[in-house]
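Structural overview
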Amino acid sequence: MWAVVFMWILLPARRAGALAPSLAPSIHSHGACSRQFTRSTLCYNLRQHVNPLASYLQRPIDLPDTWVEDRFEDPTLPFHIDLGCAKGRFCIALGEREAGKVNVLGLELRALAVDIAKRHLERSGAKNVAFLASNVNVDLERILRDIEKVGSVGRVAVQFPDPMFKKRHRKRRIVQPPLVDVIARCTQPGTEIFIQTDVFDVAEEMRHFFRSHPGFEDTHEDNSDWMSHFNPLDLHTERELGAMSRSMPVYRSLLHRVEYDKLGFPMEDWIRTASNESVRTVSHSERTQVVSPNSKYRYLAEKFRAQSDGE
Ligand SMILES: C[S@@+](CC[C@H](N)C(=O)[O-])C[C@H]1O[C@@H](n2cnc3c(N)ncnc32)[C@H](O)[C@@H]1O
């Protein structure tokens, strides 16, 4: 009888992940994790969203001084840096395609996703790809400076970042003015910035932050040109494939780092102004027009609209 009660209480709780304390440090730990997971555990515990502002994610990444040389066969090759690379399939595909020409570094907040990416990488064998479990809003400056010491940053990409629709969650979006300024200060003129998403509001905000910084110039001046039918990388991320399979429009921008007067630029003023700016150049009717009627994004757009109307 007690055995039956025990099974009834314990097993569902276990299935729901409530009794998986042994995994908690790996999910929440900031550093890389080398635990072995079964396939089902991985599917179970990979959380969809993590709050990058949570206090346990503010600790800077712990890396040896020689990590760039240690992780890349030829650290002098130009780097593609992918911010928010999730399980890394895109990074590995890019590394395989550009072997001997480009190094690819994937940065991802969720340590468990990085574990999965590293497993895929082991199978691939690519020597020009690496992943770090990192909060880019905390670590990007250190990472870019270390790379620039031995090589160069060729491209920084932000692809399909978490949209964080609620107004009070927008500060959790990956592209924030301080991050834009870090990229400007820690890269050389010529570095490419590639941004893409299927959420118009997020695309506009990201593009606005980069365009309004004197360290970047857009390759397209036309506001309505979002390169929706053309991806300059000619390789798609998992999210991008998902959006394309649902016939969702994708908004892309390719910018370049340009020379600018770092000393004469009032960086703090710009960060404060840009952070307080709300990018609202599209009317609500236009916003819903760009959303496909048969997708879950319709629901999200409706929710966003209702929320904006209530503000
Ligand atoms: C929607 S996924 C997109 C994944 C991939 N880029 C794609 O296009 O398929 C966004 C990823 O960014 C990660 N992320 C969010 N904030 C981050 C941060 N501050 N630092 C690093 N990664 C972050 C999330 O954990 C998530 O895996």
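As shown above, the structure is provided for reference.
Quick look at the structure, then. Throughout this document, residue positions are counted from 1 along each chain, in the order its sequence is written. Since the coordinates come from a predicted model, pLDDT governs what is reported: local features require at least 70, and pairs of side-chain atoms require 80 or more to be given and counted, while whole-chain, interface and lining totals use all residues.

1. Comments concerning the sheet that holds strand β3 (residues 129–133)
- Pairing between two strands is assigned when DSSP locates at least 2 bridges connecting them. Here a helix means four or more residues in a row that DSSP labels H or I, a strand means two or more in a row labelled E, and each is numbered from the N terminus. The strand order across the open sheet formed by seven strands is β3-β2-β1-β4-β5-β7-β6, and the pairing between neighbours is mixed. Sheet topology places β3 and β6 (216–218) at the edges, where each strand pairs with a single neighbour. Each strand of the sheet is rotated relative to its neighbour by a mean of 20 degrees, with strand direction disregarded.
- Contact criterion: two residues are in contact if their C-beta atoms, reconstructed from the backbone, are within 7 Å. Lines fitted to C-alpha atoms define the axes here, with helix axes fitted over just the stretch in contact, and angles between the N-to-C directions of these axes take values from 0 to 180 degrees. Strands β4 (152–159), β5 (192–197), β6 and β7 (251–257) of the sheet are contacted by helix α9 (residues 200–211), whose axis makes an angle of about 160 degrees with β5.

2. Here's the deal with the nonpolar core
- Nonpolar cores are identified as sets of buried Ala, Val, Leu, Ile, Met, Phe, Trp, Tyr and Cys residues joined via C-beta atoms within 7 Å. In this scheme every C-beta is placed from the backbone, and a residue whose C-beta has 20 or more other C-beta atoms within 10 Å is buried, one with 12 or fewer is exposed, and one in between is partly exposed. Leu 83, Leu 179, Ile 183 and Met 206 are the most contacted members of the largest nonpolar core, which totals 59 residues.
- Looking at which element gives the most residues to this core, the answer is helix α6 (residues 111–124), with seven residues.
- Aside from chain neighbours lying at most four places away, what touches Leu 179 is Val 136, Asn 137, Leu 140 and Ile 174.

3. Let's talk about the environment of Glu 69
- Assignment of secondary structure puts Glu 69 in helix α4 (residues 67–71).
- Glu 69 sits 77 residues away from Asp 146 along the chain, and the two C-alpha atoms are 9.9 Å apart.
- With residues up to four places along the chain from it excluded, the contact list for Glu 69 reads Pro 75 and Val 150.

4. Points about the pairing of strand β2 (residues 103–108)
- Burial of β2 is extensive: six of the six residues sit out of reach of the surface.
- By the alternation rule, side chains of β2 split into Asn 103, Leu 105 and Leu 107 and Val 104, Gly 106 and Glu 108, which are all buried.
- As paired strands, strand β1 (residues 78–83) and β2 are joined by five bridges and run parallel to one another. Looking at the pairing, Leu 83 lines up with Leu 107 of β2.
- The definition of a right-handed crossover adopted here requires that, viewed with the strands pointing away, the path from the first strand over the helix to the second runs clockwise. For the crossover that starts at β1, traverses helix α5 (residues 89–97) and ends in the parallel β2, the hand is right-handed.
- Taken together, the five bridges between β2 and β3 define a ladder with parallel strand orientation. Pairing of Gly 106 across the sheet is with Phe 131, part of β3.
- Between β2 and its parallel partner β3, the chain crosses via α6, and the hand of that crossover is right-handed.

5. A word on unusual backbone geometry
- The phi dihedral of Met 164 is positive, around 45 degrees, even though this residue is not glycine.
- Position of Met 164 relative to the elements: it lies in the loop between β4 and α8 (177–186).
- Backbone geometry places Met 227, a non-glycine residue, at a positive phi of 45 degrees.
- Assignment of secondary structure puts Met 227 in the loop between β6 and α10 (238–245).

6. Structural notes on the site of the ligand
- The criterion for a residue being near a molecule or strand is a backbone-placed C-beta atom within 6 Å of that molecule or strand. Taken together, 22 residues are adjacent to the ligand, and Gly 84, Leu 109, Phe 160, Thr 237 and Arg 239 come closest.
- Sorting the residues of the shell around the ligand by element identifies β2, α7 (136–150) and α10 as the ones contributing at least two each.
- The element contributing the most residues to the shell around the ligand is α10, with three residues.
- When grouped by side-chain class, the residues that make up the shell around the ligand number 11 nonpolar, five polar and six charged. Each residue gets one label: Ala, Val, Leu, Ile, Met, Phe, Trp, Tyr, Cys and Pro are nonpolar, Asp, Glu, Lys and Arg are charged, and the others, such as Gly, are polar.

7. A few points about the packing of α7 against α8
- Running from N to C, α7 and α8 cross one another at 5 degrees; their axes reach a closest spacing of 10 Å. When the interaxial angle is binned, α7 and α8 end up roughly parallel. Side by side, α7 and α8 meet where Val 136, Asn 137, Leu 140, Glu 141, Leu 144, Arg 145 and Glu 148 of the first sit next to Leu 179, Val 182 and Cys 186 of the second. Each angle gets one of four labels, with under 35 degrees taken as roughly parallel, over 145 as roughly antiparallel, 65 to 115 as roughly perpendicular, and the rest as oblique.

8. Quick notes on the environment of Lys 149
- Along the chain, Lys 149 turns up in helix α7.
- Along the backbone, Lys 149 and Val 68 are 81 residues apart, and their C-alpha atoms lie at a distance of 9.3 Å.

9. Section: the packing of α5 against α6
- For the pair α5 and α6, interaxial distance at closest approach is 9 Å and the crossing angle is 25 degrees. Compared by their axis directions, α5 and α6 come out roughly parallel. Regarding α5 and α6, the two cross each other, and that crossing is right-handed. Here α5 contributes Arg 89, Ile 92 and Glu 96 to the contact with α6, which in turn contributes His 120, Leu 121 and Ser 124.
- Taken together, the residues of the contact of α5 with α6 sort by class into two nonpolar, two polar and two charged. Each crossing gets its handedness from the near helix: less than a right angle anticlockwise from the far helix is left-handed, clockwise is right-handed.

10. What to know about α8
- Among the 10 residues in α8, eight count as buried, and that is most of the element.
- Buried within α8 we find Pro 177, Leu 179, Val 180, Asp 181, Val 182, Ile 183, Ala 184 and Cys 186.

11. Notes on the pairing of β1
- Most of β1 sits inside the fold, with five of its six residues counted as buried.
- Relative to β4, β1 is paired through six bridges, and the arrangement is parallel. Directly across from Pro 78, in β4, lies its bridge partner Ser 152.

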